[in-house]
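Here's the letter readout for the chains.
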Amino acid sequence: MLKASVLSCLVAAAASGCREGGTTVSSEDRNIPVKRLYPESIEVPRSFVADIQAIQFVEVKSKVGGFIKEIHVDEGQEVRKGDVLFKLDAIEYYEAVREAEAALKQAEAEYQMTAYDVDRISKLVEKEILAEVRLKQAQAELAVAELEVEQAKVKMQRAQLDYSYTTITAPIDGYVDRIPYKVGSLVGTETLLTNISNVAEVFAYFKMNETEYLKFRRAIIRGEEDSRADTVQLVLADGTLYEHAGIVETVEGDFERQTGSIAFRARFPNPEGLLKHGVSGKINMMTKMDDVYLIPQQATFEIQEFTYVYTINEEDIAKIRSFEPLARFNGYYVAENFMPGTEIAFSGIQRLKDGMKIKPVDAGENSNPNESEGHVREMPDSTQANPDTEK
């Protein structure tokens, strides 16, 4: 109803004449450039907000508590797996190792003494000097001594492991993140000391709504090239296009109920190290659209949420027509539901009114793209696109 009301107002205004600032606009100059519309197959970029993450992002935490004695790296420094990052004060852990070693030696000595007793008692039992029950008692004591040796070994290994944890090394190749604690700081078990990010490659996570996802999957199933899952582009925060193309690797298993979207993951190479963990950007995926019409935005005007264009009929009469754009970018609206060869006013629409007879002038854009080779038209540089502003 609103759309019909707006159109009625336009027609009524046209019937009474167009006015600017209370002055009737002259209609003497009726030479109006026109453009013929023909259906085209085009490739347009669709943009999705992306979260960029390192291919590996590992938290470096202390496994034992203590005071930080040494810091061997700086923030932002590149490190290799195994490089020393931090050293904690290790005196108490070293003493624990020595104590565990002493306990192990004592347990081994007791085991040897018990083994000697078993051997001695066994000979006495053979000579019937001692009862056999005494041998069984000695063998049980030997088993206990053996368990005590194993327990002492475990304690020593635990002490040695804790001691080794006082030297904290890089778990992967990458770059050191912020270091919140300095030399002399007391840290506890599981304290986050820093992060290491491997950005040789990066993941870009982005989301599609259900409609976009179904279109994407159907294109993949049909084997169409318009899915372009192997050539996604990344637009950086400054609006520039990242020079390396990416690949869509995987899709999550279910939709988020709150947003009705599903997450995708794309992988991008990062040989120059330009991208860092946590940067932002947009994913551009090329989408093929068949049998659509490209309408220059300069040929249109908007009232409220509706978009209009002047069509020119066989009698060279200008008529107002509304349409619903599918996308808007690079100075064009993408639209459907026009007849092939439809003429529209290309420019000078401010001089037109509904029902006005004009003198059409060829705007120089009237060729039928389907009559030439390669009629699939790829839109210009996607970094200039604005596919998010759709009606």
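Our subject is the structure that appears above.
Residues numbered from 1 in each chain as written. Predicted model: local features only at pLDDT ≥ 70, side-chain atom pairs only at ≥ 80, totals over all residues. Heavy atoms only, no water.

Looking at the overall build of the protein
Tallying secondary structure elements over the protein gives four helices and 23 strands in all. The 391 residues of the protein split such that 38% are buried. Contacts in the protein between residues far apart in sequence, at least 24 positions, make up 79% of those at least 6 positions apart. Total accessible area computed for the protein in this model is approximately 22,600 Å², and 49% of it derives from carbon and sulfur atoms. (Helix = DSSP H or I, 4+ residues; strand = E, 2+ residues; numbered from the N terminus. Buried < 20%, exposed > 50% of the residue type's maximum accessible area, 1.4 Å probe, protein only. Contact = heavy atoms within 4.5 Å. Areas by Shrake-Rupley, 256 points an atom, 1.4 Å probe, with all protein chains shown as cover.)

Comments concerning a negative patch on the surface
A grouping of Asp89, Glu92, Glu95 and Glu99 is seen on the molecular surface, where their side chains present a negatively charged patch. Positionally, glutamate 99 belongs in helix H2 (residues 91–126). (Patch = residues over 30% accessible without salt bridge, like charges linked within 9 Å, V, L, I, M, F, W, Y side chains within 5 Å. Salt bridge = Lys/Arg side-chain N within 4 Å of Asp/Glu carboxyl O. Lys, Arg positive; Asp, Glu negative; His and termini not counted. Charge placed at Lys NZ, Arg CZ, Asp CG, Glu CD.)

Focus: helix H3 (residues 132–164)
With 33 residues, H3 extends 49 Å between its outermost C-alpha atoms, agreeing within 8% with the 48 Å of an ideal straight helix rising 1.5 Å per residue. For H3, the secondary structure elements touched by its buried residues are H2. (Expected span 1.5 Å × (residues − 1).)

Examining the nonpolar core
Counting residues in hydrophobic clusters, the biggest one holds 23 residues, and the most contacted among them are Phe206, Leu234, Phe264, Phe268, Ile283 and Met285. Among the secondary structure elements, those contributing two or more residues to this core are strand E4 (40–61), strand E11 (192–209), helix H4 (210–222), strand E12 (233–236), strand E14 (261–269) and strand E15 (280–296). Among the elements that line this core, the one with the most residues is E11, at five residues. Look past the residues within four positions of phenylalanine 206 in its chain and what remains in contact with it is Phe48, Val49, Ala50, Val248, Ile262, Ala263, Phe264, Ala266, Ile283 and Met285. Membership of the second largest hydrophobic core comes to 17 residues, among which are Val73, Val79, Ala170 and Ile196. (Core = buried A, V, L, I, M, F, W, Y, C linked by side-chain atoms within 4.5 Å.)

Things to note about the pairing of E14
On a regular strand, one side chain projects to one face of the sheet and the next to the other, so that they alternate. In this structure, E11 lies alongside E14, joined through nine bridges in antiparallel fashion. From the neighbouring strand, lysine 207 faces E14, where its bridge partner is alanine 263. Alignment of strand E13 (residues 247–251) against E14, held across four bridges, turns out to be antiparallel. Considered in E14, the bridge of valine 251 is made with phenylalanine 264. (Pairing = 2+ DSSP bridges.)

Some points on the packing of aromatic side chains
Taken as a whole, this structure holds twelve aromatic pairs when the rule is applied. Seen in terms of ring centroids, tyrosine 213 and phenylalanine 264 are 6.2 Å apart; in terms of plane orientation they differ by 65°. Their pairing is edge-to-face. Of the two residues, tyrosine 213 sits in helix H4 while phenylalanine 264 sits in strand E14, which places them 51 residues apart along the sequence. Ring centres of tyrosine 242 and phenylalanine 268 lie 6.3 Å apart, and the angle between their planes is 70°; this geometry places the pair in the edge-to-face category. Remark: phenylalanine 268 occurs in strand E14 and tyrosine 242 occurs in the loop between E12 and E13; sequence separation between them is 26 residues. Under the relative-accessibility criterion, phenylalanine 268 is labelled buried at 0%. A connected cluster of aromatic rings, assembled from ring pairs, spans Phe48, Phe206, Tyr213, Phe255 and Phe264. The cationic tip of lysine 276 hangs over the ring face of tyrosine 175; the distance from NZ or CZ to the ring centre is 4.1 Å. (Phe/Tyr/Trp six-rings, centres within 6.5 Å; stacked < 30°, edge-to-face > 60°. Lys NZ or Arg CZ within 6 Å of the ring centre and 35° of its normal.)

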